[in-house]
Amino acid sequence: MFNELFEQNDDLFLVTNVYKHKTKEKRTRKLKVYQPFLRCKNDLKRIQVKTYPYPFELDEAEVFEMQQFSLLCKREDIRVNELLKAASNEDYPLTPEFGRYSIDYPDVFFVNITKDIIFFVYDDRGCEVIAREADQIRPLYERYYDWVEEVDRKRIERGLGERGIKN
């Protein structure tokens, strides 16, 4: 599925959200997030890092924050298979992995800026594919219809629009 969304020449952002304690971890952990998955280690110098408020429970916002790492690259700049395996290994002590962080496993998003598509593998159970235009991902939904949990189908089909779905 990934290869259908990201072609070799597409520009993409590799975006990683790391959720951490504000006071316990002052140091940015750039290398632990990307180093094993980049083909060229010089790309580590191009990673952008920003810190944002914790995006989830408001009562925890005083204690936690989110660091967001991003790298503009091409598909061939990263070890895609290993990166996807690491995302899938979130709940298991398997390698490859992203490394253990204070409160949660990092979220990794592939943002195809050529096609305006976001691909997010949340763990071994599945992924989310988001597009600016429904027509970009409608064929993908139709092809992988059996993979979609039944409880999610109505919501997804509403998002895909009025044209309906061909099964």
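That block above? That's the structure.
All values derive from a computational prediction rather than experimental measurement.

Caption draft 1: Fine view of the overall build of the chain. What the chain contains, in helices and strands, is five helices and six strands. Reading the chain from its N end, one meets helices and strands in the order α-β-α-β-β-α-β-β-β-α-α. Expressed as a percentage of its 167 residues, the buried residues of the chain come to 40%. Across the chain, contacts joining residues at least 24 apart in sequence account for 62% of those joining residues at least 6 apart. About 10,400 Å² of surface is accessible on the chain, with carbon and sulfur atoms providing 49% of the total.

Caption draft 2: Region of the structure containing the side chain of glutamate 65. Within the fold, glutamate 65 resides in strand E3 (residues 64–74). Contact partners of glutamate 65, with chain neighbours within four places excluded, come to Val18, Tyr19, Lys20, Lys22, Thr51, Tyr52, Pro53 and Tyr54.

Caption draft 3: Broad picture of the environment of threonine 114. Secondary-structure assignment places threonine 114 in the loop between strand E4 (107–112) and strand E5 (117–123). Among the residues examined, threonine 114 registers a relative accessible area of 46% and is labelled partly exposed. Spatially, the C-alpha atoms of threonine 114 and phenylalanine 6 are 9.0 Å apart, while their sequence positions differ by 108 residues. Those residues in contact with threonine 114 that lie beyond four places of it in its chain are Asp10 and Asp11. Polar side-chain contacts of threonine 114 include one of 2.8 Å to the backbone nitrogen of aspartate 11.

Reading the values: the criteria
Residues numbered from 1 in each chain as written. Predicted model: local features only at pLDDT ≥ 70, side-chain atom pairs only at ≥ 80, totals over all residues. Heavy atoms only, no water. Helix = DSSP H or I, 4+ residues; strand = E, 2+ residues; numbered from the N terminus. Buried < 20%, exposed > 50% of the residue type's maximum accessible area, 1.4 Å probe, protein only. Contact = heavy atoms within 4.5 Å. Areas by Shrake-Rupley, 256 points an atom, 1.4 Å probe, with all protein chains shown as cover. Polar contact = N/O pair within 3.5 Å; in protein donor to acceptor, adjacent residues only side chain to side chain.

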